[in-house]
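# Breakdown of the fold
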Amino acid sequence: MLLKVENLSVSYGRIPALTGLDFHIDEGEIVSIIGANGAGKSTTLRAISRMVKVEPGSKMTFMDKDLLKYPPDKVVSQLGITHVPEGRGIFGNLTVKENLHLSAFARKDAAEVKKDISRVFDIFPRLKERYTQKSGTLSGGEQQMLAIGRAFISGRKIMLLDEPSMGLAPLLMQNVFKALKEINKEGAAILLVEQNARLALQFASRAYVLETGSLVMEGDSKKLLEDPEVKKAYLGG
Ligand code: ATP
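Residues numbered from 1 in each chain as written. Predicted model: local features only at pLDDT ≥ 70, side-chain atom pairs only at ≥ 80, totals over all residues. Heavy atoms only, no water.

Threshold: UniProt positions are given in the numbering used here, feature names are shortened, and annotations may be inferred rather than shown by experiment.
As annotated in an unreviewed UniProt entry, the protein chain carries the name Amino acid/amide ABC transporter ATP-binding protein 2, HAAT family and is attributed to Desulfatibacillum alkenivorans DSM 16219. In its Sequence similarities (unreviewed entry) section, UniProt records this for the protein chain: "Belongs to the ABC transporter superfamily."

### A short note on the nonpolar core
Basically, it comes down to this: Side-chain atoms within 4.5 Å are what join buried Ala, Val, Leu, Ile, Met, Phe, Trp, Tyr and Cys residues into a set we call a nonpolar core. Remark: exposure states derive from per-residue accessible area (1.4 Å probe, protein chains only) relative to the maximum for the residue type, with buried under 20%, exposed over 50%, and partly exposed in between. In this description a helix means any DSSP run of H or I spanning at least four residues, a strand means any run of E spanning at least two, and both kinds are numbered starting from the N terminus. Any two residues whose heavy atoms approach within 4.5 Å at even a single point are treated as in contact.
If you look at the biggest cluster of nonpolar residues, it comprises 47 residues, and the most contacted ones within it are Ile34, Leu100, Phe124, Leu127, Leu180 and Leu201. The element best represented in this core is helix H6 (residues 140-154), accounting for seven residues. Ignoring sequence-local partners within four residues, the contact set of Ile34 consists of Lys41, Glu194, Ala197, Ala200, Leu201, Tyr208, Val209, Leu210, Val230 and Tyr234. In this structure, Val5, Phe23, Phe62 and Leu79 belong to the second largest nonpolar core, which totals 31 residues.

### Focus on the sheet that holds strand S1 (residues 3-12)
Rule in force here: Two strands form a pair only when DSSP identifies at least two bridges running between them.
Read across the sheet, four strands follow the order S2-S1-S4-S5 without closing on themselves; strand pairing throughout is antiparallel. In the strand order of this sheet, the two ends are held by strand S2 (15-25) and strand S5 (65-66), each with one partner. Relative to S5, strand S4 (residues 59-62) runs antiparallel, the two sharing two bridges. Following the sheet pairing, Phe62 is matched in S5 by Lys65.

### Focus on the site of the ligand
Our working rule: Here a residue is considered near a molecule or strand provided that any single heavy atom belonging to it is located within 4 Å of it. What qualifies as a polar contact is a pair of N or O atoms within 3.5 Å, subject to a donor-acceptor requirement within protein and to the restriction that residues adjacent in sequence count only when both atoms come from side chains. Only the protein chains shown count as cover for residues, and the accessible areas themselves come from Shrake-Rupley with a 1.4 Å probe. Charged residues are taken to be Asp, Glu, Lys and Arg, nonpolar residues to be Ala, Val, Leu, Ile, Met, Phe, Trp, Tyr, Cys and Pro, and polar residues to be all remaining types, Gly included.
Taken together, 14 residues surround the ligand, and among them Asn37, Gly38, Lys41, Thr43 and Gln195 come closest. Between the ligand and the protein, one listed contact pairs an oxygen atom with a side-chain N or O atom of Asn37 at 2.8 Å. One of the backbone N or O atoms of Ala39 is found 3.2 Å from an oxygen atom in the ligand. Within the complex, the protein chains bury 59% of what would otherwise be the 640 Å² of accessible surface of the ligand. Per element, the largest residue contribution to the shell around the ligand is four residues, and it comes from helix H1 (residues 41-48). By residue class, the composition of the shell around the ligand is four nonpolar, six polar and four charged.

### Remarks on the sheet that holds strand S10 (residues 214-220)
Worth spelling out the cut-off: Only the stretch in contact is used when fitting a helix axis, every axis being a line fitted to C-alpha atoms; angles between N-to-C directions are given from 0 to 180 degrees.
With mixed pairing, the six strands of this open sheet are ordered in space as S6-S7-S8-S3-S9-S10. Where the open sheet ends on each side, the last strands, each with one partner, are strand S6 (81-84) and S10. Going across the sheet, the axis of each strand differs from the next one's by a mean of 15 degrees, ignoring polarity. One ladder, built from five bridges, connects strand S3 (residues 30-35) with strand S8 (residues 189-194); its direction is parallel. Looking at S8, one finds that Ile33 is bridged to Val193. Relative to S8, H1 is tilted by about 150 degrees, and along the sheet it contacts S3, S6, strand S7 (158-162), S8 and strand S9 (206-211). Contacts between H6 and the sheet are confined to S6 and S7, with S6 contributing the most and set at about 170 degrees to the helix.

### What about the layout of surface pockets?
Heads up, the condition is: The rule is simple: put a 1 Å grid over the protein atoms alone, call a set of points where a 1.4 Å probe fits but cannot get out a cavity, call an open set with protein on both sides within 12 Å along at least five of seven lines a pocket, and count a residue as lining if it has an atom within 4 Å of a point. Grid points are joined across faces, edges and corners, and a volume is the space filled by probe spheres set on the points.
Volume-wise, the largest pocket comes out at about 520 Å³. The wall of the largest pocket is formed by 22 residues, among which Val76, Thr82, His83, Gly89 and Arg150 lie closest to the centre. For the lining of the largest pocket, the per-class residue count stands at 12 nonpolar, six polar and four charged. Roughly 210 Å³ of volume is contained in the second largest pocket. When contributions to the lining of the second largest pocket are tallied by element, the ones reaching two or more residues are helix H5 (125-129) and helix H7 (170-185).

### Notes on the pattern of salt bridges
To keep it simple, the criterion reads: Each salt bridge in this description consists of a side-chain nitrogen of Lys or Arg and a carboxyl oxygen of Asp or Glu lying within 4 Å of one another.
Counted according to the given criterion, the structure contains 13 salt bridges. A salt bridge links Asp73 to Lys74; its shortest N-O distance comes to 3.4 Å. You can call Lys74 partly exposed: its relative accessible area is 30%. Of the charged contacts in the structure, one is a salt bridge between Lys231 and Glu226, with a shortest N-O distance of 3.8 Å. Among the charged side chains, a salt-bridge network with shared partners connects Arg119, Asp122, Glu182 and Glu186.

Printed below as a string of structure tokens:
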């Protein structure tokens, strides 16, 4: 098992956002979490990347290590966990090139980094054309590609993706998801959080349903796609 989360609870001030989540992700697996607005999907990713404080009694184990002992920067550099947040988390004042190189800051294997950057360009040729452009002036879709490219370089074990479909035209969205499948084939597990439940269930092999801070359903994502309750609540009937 790659990631094991037990009894995960998070509160913002006094307001609970997550209450006692249990879930896991295996090596190389694609798992989705679906749920309505405000259910706690982003918060779940923030807890794993250590961006929010968890409540006492929460437990997270990544490759047999206690994740709660790692601060956010070490989660990326030592464990290979990257988080692509909603809104993408790229540095707008830096060029595409600078953003990609920055994501390799913790890696010492310069030759491998170079190989990975050229792999990112194979997957997203558009980024190669825009190598010297300031990232803040890229289109929304191009910024999404850059954010995923950065995650590919820094997080080779697991990518935590928050709404990667947001703001993308259908064709571009398909390309981004195709690229994510390729990145996954190269070994990175993916935990995907999506409003677009149909897309999330088609993409993942397994999924969890989050409702107001609690997991209420889990299973094979193809089965969830056929589940009458899931259909009614998340797939538009
Ligand atoms: P969406 O699909 O709308 O992005 P989500 O499932 O990702 O929603 P979260 O963003 O995790 O939901 O939010 C879960 C709950 O925690 C919501 O009620 C939200 O208002 C609250 N919340 C999130 N961030 C904060 C914060 N920084 N301070 C206070 N409350 C917060």
